[in-house]
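Secondary and tertiary structure notes
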Amino acid sequence: MGQTHSTDLLIIGAGPAGYTAAIYAARASLSPVLLTGMQPGGQLTITTDVENYPGFAQAIQGPWLMEQMSAQAEHVGTKIIYDMVVSVDFTKGSPFHVTTDGGDTWIAKSVIIATGAQARWLGLPNEKRLQGAGVSACATCDGFFFRGKRVAVVGGGNTAVEEAIYLTHHADHVTLIHRRDSLKAEKILQERLFAHPKVSVIWNSAVEDIQSGGTPEAVTGLTLRDTVTGATSELAVDGVFIAIGHSPTTAMFGNQIELDAEGYIVTEPGTPRTSVPGIFAAGDVQDRTYRQAVTAAGTGCMAALDAERYIGGLIPNTKPEA
Ligand code: NDP
């Protein structure tokens, strides 16, 4: 039988946004409770080198950075709970009710949503079935299994290029497959990719199917379709990494707060305030544009400052008239 707990501030999500919100809230004596969800540390736990988080002259590891943030949040007084939110009730206003997978109910005066975003998949029939058998969305998790093999990476953003470069540490050859004729990844990453002797790029191509065979069954190749001519071709690979962006983790908030057409939480411009007074959103769950660890941390700070003001009665408990 689950228990019911009360807190001033509940933070949902354990990425840079959630941990930063927790650090600020704990230092403001709000005794925050942070529910981690399924993947404590968020997306940075499935990246390798981080070179753009300020304060570190040398590249640091994503998982290490998240361990530090978690330890800092705990050190200043955050209660971290390894449980996942399954439903919320924001309809009656503050205090808000949040139910977890473990069966507990949390009643909170204010809630910060920092649930982040998740990898997108291509939606091919074999894609899900072959996960763990050559299909992956995380090079740092699975790259090791492709030592001496040939792999492909699908996508043209920073993630795809970083994953492709990372995979050269393990695989014999990496083919980046992109549906257009130019990448949107940062120029410095593109330069590193193009200069790498183990990498080739197939332009204007979409993956139409994933081939598999053997016992145990594993990926053997890809069917590609030229997006300009429509011609199909085969590419022999032992693994394929899908790196085509992310979707916000907002399924459980659907009828409770305003989301945009792609499911991102709508916030008042320049603030972390959602459509429900007392509920704040920070990080990738409300950011379709910047999506960086440092911007997530920044908005986590903003959310904690606003939650403190809300709990202290300095932010009204009603929405201004439209
Ligand atoms: P992006 O949204 O930036 O890029 C997604 C890529 O996948 C695009 O090239 C897109 O193609 C392609 N794509 C999307 N859907 C499909 C599909 N169905 N089939 C084939 N290709 C598809 O996502 P990322 O995950 O790369 O990056 C997200 C954010 O995180 C960005 O802001 C990025 O800068 C940031 N980031 C920063 C890092 C860093 O600074 N170290 C590391 C990783 C990410 P198209 O170009 O045609 O739209």
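Everything that follows concerns the structure shown earlier in this document.
So, a few notes on the structure that sits alongside this text. (Residues numbered from 1 in each chain as written. Predicted model: local features only at pLDDT ≥ 70, side-chain atom pairs only at ≥ 80, totals over all residues. Heavy atoms only, no water.)

**Things to note about unusual backbone geometry**
What is expected of a backbone is that most residues other than glycine have negative phi and most peptide bonds are trans. The omega torsion across Ser 94 and Pro 95 is 0 degrees, close enough to zero to call that bond cis. You can see Pro 95 is positioned in the loop between strand E6 (85-89) and strand E7 (96-100). Residue Pro 216 follows Thr 215 across a cis peptide bond; omega there is -5 degrees. Note that Pro 216 resides in the loop between strand E14 (205-213) and strand E15 (218-226). (Helix = DSSP H or I, 4+ residues; strand = E, 2+ residues; numbered from the N terminus.)

**What to know about the pairing of strand E11 (residues 150-154)**
Judged by how many residues are buried, E11 sits mostly within the fold: four of five residues are covered. As judged from the five bridges shared by E11 and strand E12 (residues 173-177), these two strands associate in the parallel manner. In the strand pairing of E12, Val 154 is matched with Ile 177. Considered for its hand, the β-α-β crossover made up of E11, helix H4 (residues 158-167) and E12 is right-handed. Relative to strand E17 (residues 239-242), E11 runs parallel, the two being bridged by four bridges. Across the sheet, residue Ala 152 finds its bridge partner in E17, namely Val 240. (Buried < 20%, exposed > 50% of the residue type's maximum accessible area, 1.4 Å probe, protein only. Pairing = 2+ DSSP bridges. Right-handed = clockwise from strand over helix to strand, strands pointing away.)

**Focus: the site of the ligand**
Around the ligand there are 20 residues in total, and Asn 52, Asn 158, Thr 159, Glu 162 and Arg 180 lie nearest to it. Here an oxygen atom of the ligand and a side-chain polar atom of Asn 52 are 2.7 Å apart. Here an oxygen atom of the ligand and a side-chain polar atom of Asn 158 are 2.8 Å apart. Taking 910 Å² as the accessible area of the ligand by itself, protein coverage stands at 79%. Sorting elements by how many residues they give to the shell around the ligand places H4 first, with three residues. A per-class count over the shell around the ligand returns four nonpolar, ten polar and six charged. Lining the shell around the ligand are residues from two domains, each supplying at least three of them: domain 1 (4-118 + 246-311) and domain 2 (121-242). (Near = heavy atom within 4 Å. Polar contact = N/O pair within 3.5 Å; in protein donor to acceptor, adjacent residues only side chain to side chain. Areas by Shrake-Rupley, 256 points an atom, 1.4 Å probe, with all protein chains shown as cover. Nonpolar A, V, L, I, M, F, W, Y, C, P; charged D, E, K, R; others polar. Domains from an automatic or database assignment.)

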